[in-house]
Amino acid sequence: MHPVIKYLLARQNKQIPVDDGRKIVLILPGGLMTGVRGAGARIGLSELGLADSFNAIYVISAGLASASYFLSKQTRLGTSIYYEDLASRKFINVLRPWNVVNIDYFIDVARRVKPLNIRSILAHPTKLYVRIDRKDRGIEYIEVHNVPDNEYLSLMEATVSLPFLHPGTTKIGENHYHYKDPDFFEDQSSALIQDVLDSDATEIIIIYNNFGQQRSVRKTLALPPERVL
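Residues numbered from 1 in each chain as written. Predicted model: local features only at pLDDT ≥ 70, side-chain atom pairs only at ≥ 80, totals over all residues. Heavy atoms only, no water.

Observations concerning the packing of aromatic side chains
So, point 1. Within this structure, the stated rule accounts for four aromatic pairs.
So, point 2. Ring geometry for Y58 against Y129: centres 4.7 Å apart, planes inclined by 20 degrees, an arrangement best described as stacked. Of this pair, Y58 sits in strand β2 (residues 56–60) while Y129 sits in strand β3 (residues 127–134), placing them 71 residues apart in sequence.
So, point 3. Residue classification places Y129 among the partly exposed residues on the basis of a relative accessible area of 23%. (Phe/Tyr/Trp six-rings, centres within 6.5 Å; stacked < 30°, edge-to-face > 60°. Helix = DSSP H or I, 4+ residues; strand = E, 2+ residues; numbered from the N terminus. Buried < 20%, exposed > 50% of the residue type's maximum accessible area, 1.4 Å probe, protein only.)

Regarding the packing of helix α5 (residues 103–113) against helix α7 (residues 152–159)
So, point 1. As a packed pair, α5 and α7 sit with axes 10 Å apart at the nearest point and diverge in direction by 145 degrees. Handedness of the crossing formed by α5 with α7: right-handed. Contacts between α5 and α7 involve I103, D104, F106, I107, A110 and R111 on the former and, on the latter, L153, M156 and E157.
So, point 2. Tallied by class, the residues present in the contact of α5 with α7 amount to six nonpolar, no polar and three charged. (Axes fitted to C-alpha atoms, helices over the stretch in contact; angles between N-to-C directions. Left-handed = near helix turned anticlockwise from the far one by under 90°. Contact = heavy atoms within 4.5 Å. Nonpolar A, V, L, I, M, F, W, Y, C, P; charged D, E, K, R; others polar.)

Let's talk about the packing of helix α8 (residues 188–197) against helix α9 (residues 211–220)
So, point 1. The contact between α8 and α9 brings their axes to 9 Å, and the two run at 55 degrees. Regarding the angle of α8 to α9, the classification is oblique. Along this stretch, α8 crosses α9, giving a crossing that reads as right-handed. From α8, S189, S190 and I193 reach across to α9, where they touch Q213, S216, V217 and T220. (Parallel < 35°, antiparallel > 145°, perpendicular 65-115°, else oblique.)

Considerations on unusual backbone geometry
So, point 1. The omega torsion across I16 and P17 is 5 degrees, close enough to zero to call that bond cis.
So, point 2. Notably, N13 is not glycine yet its phi reads approximately 60 degrees, a positive angle.
So, point 3. Here N13 is to be found in the loop between α1 (3–9) and β1 (24–28).
So, point 4. Positive phi is not limited to glycine here, since K73 has a value of about 65 degrees.
So, point 5. Structurally, K73 is set in the loop between α3 (63–71) and α4 (75–84).

Written out as structure tokens, the structure reads:
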């Protein structure tokens, strides 16, 4: 059995903090609609009683939405958004060049149609870190427990506001800093994973959303097989 699986299964049906000397981290990269490809893995983790087993989750872009519905125990509901609500021109429409990806529509779905249980996320002990671009300073990480519940969906809006596909930035916090999804001309997934590799995480699970993402990461980074799954 892979050592990462062994340590994770030892936490089955347990909620962190667990006194086992491990720090197990889940990574959810972005990918807009390709996020649905990682849905089966997230549902599997939930149904195996492992949704509460991670010390931290690191995400970028659409990974925040996936992680949010995962931590709030709404994984199947969040997954259904892809094929019931977003698979239409209301969301992505290349004939709408001024706003190809309608993020406002997606946020409205998360707010009213399939409401995200934000209080459940903020009450959860798992840390959730978002890699995001603050326009006046560059890339930074926001831990969602530091975000007021009334600004959580604004943070989600910012993380999926893809450069060149959705106009503008999103203001968050009392200082009204402007945030946006990082520039996709850079390999943001590899940068995210490298940051976690450099952290004190003992085991890391990555749920890739597409083969290109996986190939790029493996080409760029040296992933220690005993530590990363």
